[in-house]
Amino acid sequence: MNYRITDCRALGPGELADAMNEAFSDYVTPLQMSEAKFVDFQRQRGFSGRHSFVALNEGKIAAFWFSGQADPTFGNRAYTLSVGTSPDHRRRGLSRRLLQAVVDAQKAEQASGLQLEVITTNDKAVCAYEDFGFFRQRTLRVCKLTKEHLDAAEPGRWTVEDLQLEALPTDEDAYFETRPTPQNARAALVGLRPDIHLIGVREGGELLGWGAAYKDGAVAQIAVHKAHRRRGIGQALLRELCQRTGADQLLFVNVDEEAAGLNAFLDRFGAEDLLRQYEMCLELPALIRLS
């Protein structure tokens, strides 16, 4: 079969959503992403049409590598949103060819590398990325916390208020143990604004902590200043996020395993593990073997 590699600037979200659904149609839980959800996916994860590429066969998308542009807050690496190949076009080296196109586009703009996440139990994908030159950076936890567990906890004394993104501190080091992944970082909140829930706790004008969640109940950030932890602030923020999203549970995607305090906090409220992911990085310049 003949394939033409091209970037995504001329392709609409409907076509790209259909390509994702087709690529993951034979998974245990097939992906069913609407065009509207794909647009949110693009906004949250920083999709860039000129840095994303597809392989076309007879005018139809056979494979894709969706990417953002280089992000200075992540060491000038570019985030890979998703990679996939239609079942009928697998084992033809398309992901490798698409990666080469992405690498060439990123190198032209002085990106330092690429990063992505992959489920730890997906041995085939992990091995493929390692063969491409990616290395494992850190391990990330995906878990959920039910409203029932939060409601069972003692209510705290804190008053939670609405926040604007501009109220968040420029320097977040005192609030986070480890840096959020790109899909939960400040840029993701900006990308999905106003479709986010952003709340905080103040005392004497000082911002003690904040919580941010997407409209589907996925928590992007829960942050409490290190000088004010173990005072019930995080609990108050989670209870309020659960109420505002109207969700029966909150989902936490990509919690760094090294964030000991946050993980202990989640476990205290009965967090249930769903899976683990590796954050993987590729350093540029990189030479991608095409065979």
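Throughout what follows, the structure given in this document is the object of discussion. Only a predicted model underlies this, so the values are computations on that prediction, with no experimental measurement involved.

### A short note on the overall build of the protein chain
- Within the protein chain one finds 8 helices and 12 strands.
- Structurally, the protein chain occupies a C-alpha span of about 65 × 35 × 35 Å along its principal axes.
- Within the protein chain, the fraction of its 291 residues that count as buried is 53%.
- Partitioning the intrachain contacts of the protein chain with sequence separation of at least 6 by distance along the chain shows that 73% fall at a separation of at least 24.
- Of the roughly 14,300 Å² that the protein chain leaves accessible, carbon and sulfur atoms contribute 47%.

### Some remarks on the pairing of strand β9 (residues 206-214)
- Of all the 9 residues making up β9, 8 are buried; the element is thus mostly covered by neighbouring parts of the structure.
- Connecting strand β8 (residues 196-203) to the next strand, β9, in antiparallel fashion are 2 residues, including G204 with a positive phi near 60 degrees.
- Adjacent in sequence and paired antiparallel, β9 and strand β10 (residues 218-224) are bridged by 3 residues, among which G217 carries a positive phi angle near 95 degrees.

### Topic: the sheet that holds strand β5 (residues 113-119)
- Read across the open sheet, the 12 strands follow the order β1-β2-β3-β4-β5-β12-β6-β11-β10-β9-β8-β7; overall the sheet is mixed. In this open sheet, the two strands that pair with only one neighbour each are β1 (4-7) and β7 (161-162).
- In terms of strand pairing, β5 meets strand β12 (residues 272-283) through 7 bridges, oriented antiparallel. The residue of β12 that forms the bridge with G113 is E283.

### Digging into the pattern of salt bridges
- Taken as a whole and assessed by the stated rule, the structure comprises 22 salt bridges.
- Its salt-bridge partner being D131, residue R96 comes within 2.7 Å of it at the nearest N-O pair. Of this pair, R96 sits in helix α3 (residues 94-107) while D131 sits in helix α4 (residues 123-132), placing them 35 residues apart in sequence.
- A relative accessible area of 36% places D131 in the partly exposed class.
- In this structure, R244 and E240 form a salt bridge, with 2.7 Å as the shortest nitrogen-oxygen distance. Here R244 pairs with E240, and both are found in helix α7 (residues 233-245), just 4 residues apart, close to one helical turn.
- On the basis of relative accessible area, R244 is assigned to the partly exposed category, the value being 30%.
- Look at the salt bridges and you will find they share partners, linking R141, E257, D267, D273 and R276 into a network.

What counts and what doesn't
- Residues numbered from 1 in each chain as written.
- Predicted model: local features only at pLDDT ≥ 70, side-chain atom pairs only at ≥ 80, totals over all residues.
- Heavy atoms only, no water.
- Helix = DSSP H or I, 4+ residues; strand = E, 2+ residues; numbered from the N terminus.
- Buried < 20%, exposed > 50% of the residue type's maximum accessible area, 1.4 Å probe, protein only.
- Contact = heavy atoms within 4.5 Å.
- Areas by Shrake-Rupley, 256 points an atom, 1.4 Å probe, with all protein chains shown as cover.
- Pairing = 2+ DSSP bridges.
- Salt bridge = Lys/Arg side-chain N within 4 Å of Asp/Glu carboxyl O.

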